[in-house]
Amino acid sequence: MEDLFSLNSKLKLEEYEFSSDDFELASESSKENFMTKTPPTSYLQDALRRLKENKVAMVSIGFLIIVCIFAFIGPFLVKGDYTTQYRGDENLFPCLRYPFGTDKLGRDLMVRTMYGTRVSLIVGIFASFIVLIIGTIYGAISGYFGGRVDAIMMRILDLIYSIPDVLVVILLSIGISQPMKSFVNSSSSEFAKKIGVLGPALISIFIAFGLLYWVGMARIIRGQVLMLKKQEFVTAVEALGGSKKRIIRRHLFPNCIGQVIVMTAMQIPSAIFLESFLSFLGIGVSAPMTSLGALAADALGGIYSYAYRLIIPSLLLSLMILSLNLFADGLRDALDPRLKK
């Protein structure tokens, strides 16, 4: 057996004997074809590239840009505002002068739709900003300190989860309605005028978001911090004497930025839908200010004769929420490094 093994090894060595004539230097063209040089990219640059490759997300962004131009720039390009009434032009169907028609008071519905879209977007963005600030701070503190502090803070979240949000908005709206009216009537400042335009219902929506809607964000950030605080770089910062505030602000929170952005983007359509729902029920924006939900509620009175009054704000609201959700999904996929090709 040993002789057969040695003979087999000798034959293999003889089979693979090479000389210097068997080798030659590779040409420059073959080197370029063998190795592909890619420029170094950062995490955000790579995420932006993946987002651009997502056609659905890019179409959603394009639609949202058009909606923002319609809501924030459009009112400066038309005559009148959401309160202007044109006598003799009541209940007109869509025409060249009034592309969306007019309501029973002679107000241009296209202008009112512009302002209504602006109100819905502002409510969604501002409410999401409230959720972002409170949720990230609360979740980061709970996850980093852990132990008894984490247990107490999580039980507070469980308690907040059990509170019905719509009921809170209604009660807050009723509770602050009279004090707000007294403040607006007794003060002549610009701040009081803006508060009067918003109305107690919108103020109560902002307060409700600050009280209730940040719990989901807090749970996400807590889970990320619990995972990150066991990493070696956090241990190194602690060994070097870094304060807990600095560790949360400079090391833990930046590593959660992907989840924070995605959760914030997903919170905007939720806030827009809540405001439109409450305005549709009549407890949203105060007249004469309007929103997409209030426009849909006003259209119910003439739904058989003027159905387009209901279709236009409802379709715009649906497409806007759909685009925001699709954009948030694309953003989540782009910021997830596990999906990197």
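- For the chain, an unreviewed UniProt entry supplies the name ABC transporter, permease protein and the organism Anaerococcus vaginalis ATCC 51170.
- Under the UniProt heading Sequence similarities (unreviewed entry), the entry covering the chain gives this text: "Belongs to the binding-protein-dependent transport system permease family. OppBC subfamily."
- On record in UniProt, under Subcellular location (unreviewed entry), the comment for the chain is "Cell membrane".

### Brief notes about the overall build of the chain
Stage number 1. Within the chain, the regular secondary structure consists of 14 helices and zero strands.
Stage number 2. Its helices and strands taken in sequence order, the chain reads α-α-α-α-α-α-α-α-α-α-α-α-α-α from the N to the C terminus.
Stage number 3. Burial status across the chain gives 39% buried among its 341 residues.
Stage number 4. In the chain, the share of contacts with a sequence separation of at least 24, taken over all contacts with a separation of at least 6, comes to 72%.
Stage number 5. For the chain, the accessible surface area stands at approximately 20700 Å², while carbon and sulfur atoms represent 66% of it.

### Describing the pattern of salt bridges
Stage number 1. Applying the stated criterion across every chain yields a total of six salt bridges.
Stage number 2. In this structure, Glu 53 engages Arg 49 in a salt bridge whose closest nitrogen and oxygen atoms are separated by 3.0 Å. Placement of the pair is Glu 53 and Arg 49 together in helix α3 (residues 43-53), with a separation of four residues, close to one helical turn.
Stage number 3. A salt bridge links Arg 222 to Asp 150, with the shortest nitrogen-to-oxygen separation between them at 2.7 Å.

### Overview of the layout of surface pockets
Stage number 1. Empty space within the largest pocket amounts to approximately 520 Å³.
Stage number 2. Taken together, 31 residues line the largest pocket, and the ones lying closest to its centre are Ala 294, Leu 295, Ala 297, Asp 298 and Ala 299.
Stage number 3. A class-by-class count of the residues in the lining of the largest pocket yields 16 nonpolar, nine polar and six charged.

Definitions and limits used
Residues numbered from 1 in each chain as written. Predicted model: local features only at pLDDT ≥ 70, side-chain atom pairs only at ≥ 80, totals over all residues. Heavy atoms only, no water. UniProt positions renumbered as here; feature names shortened; annotations may be inferred. Helix = DSSP H or I, 4+ residues; strand = E, 2+ residues; numbered from the N terminus. Buried < 20%, exposed > 50% of the residue type's maximum accessible area, 1.4 Å probe, protein only. Contact = heavy atoms within 4.5 Å. Areas by Shrake-Rupley, 256 points an atom, 1.4 Å probe, with all protein chains shown as cover. Salt bridge = Lys/Arg side-chain N within 4 Å of Asp/Glu carboxyl O. 1 Å grid on protein atoms, 1.4 Å probe; cavity = no way out; pocket = protein on both sides within 12 Å on 5 of 7 lines; lining within 4 Å. Points joined across faces, edges and corners; volume = space filled by probe spheres on them. Nonpolar A, V, L, I, M, F, W, Y, C, P; charged D, E, K, R; others polar.

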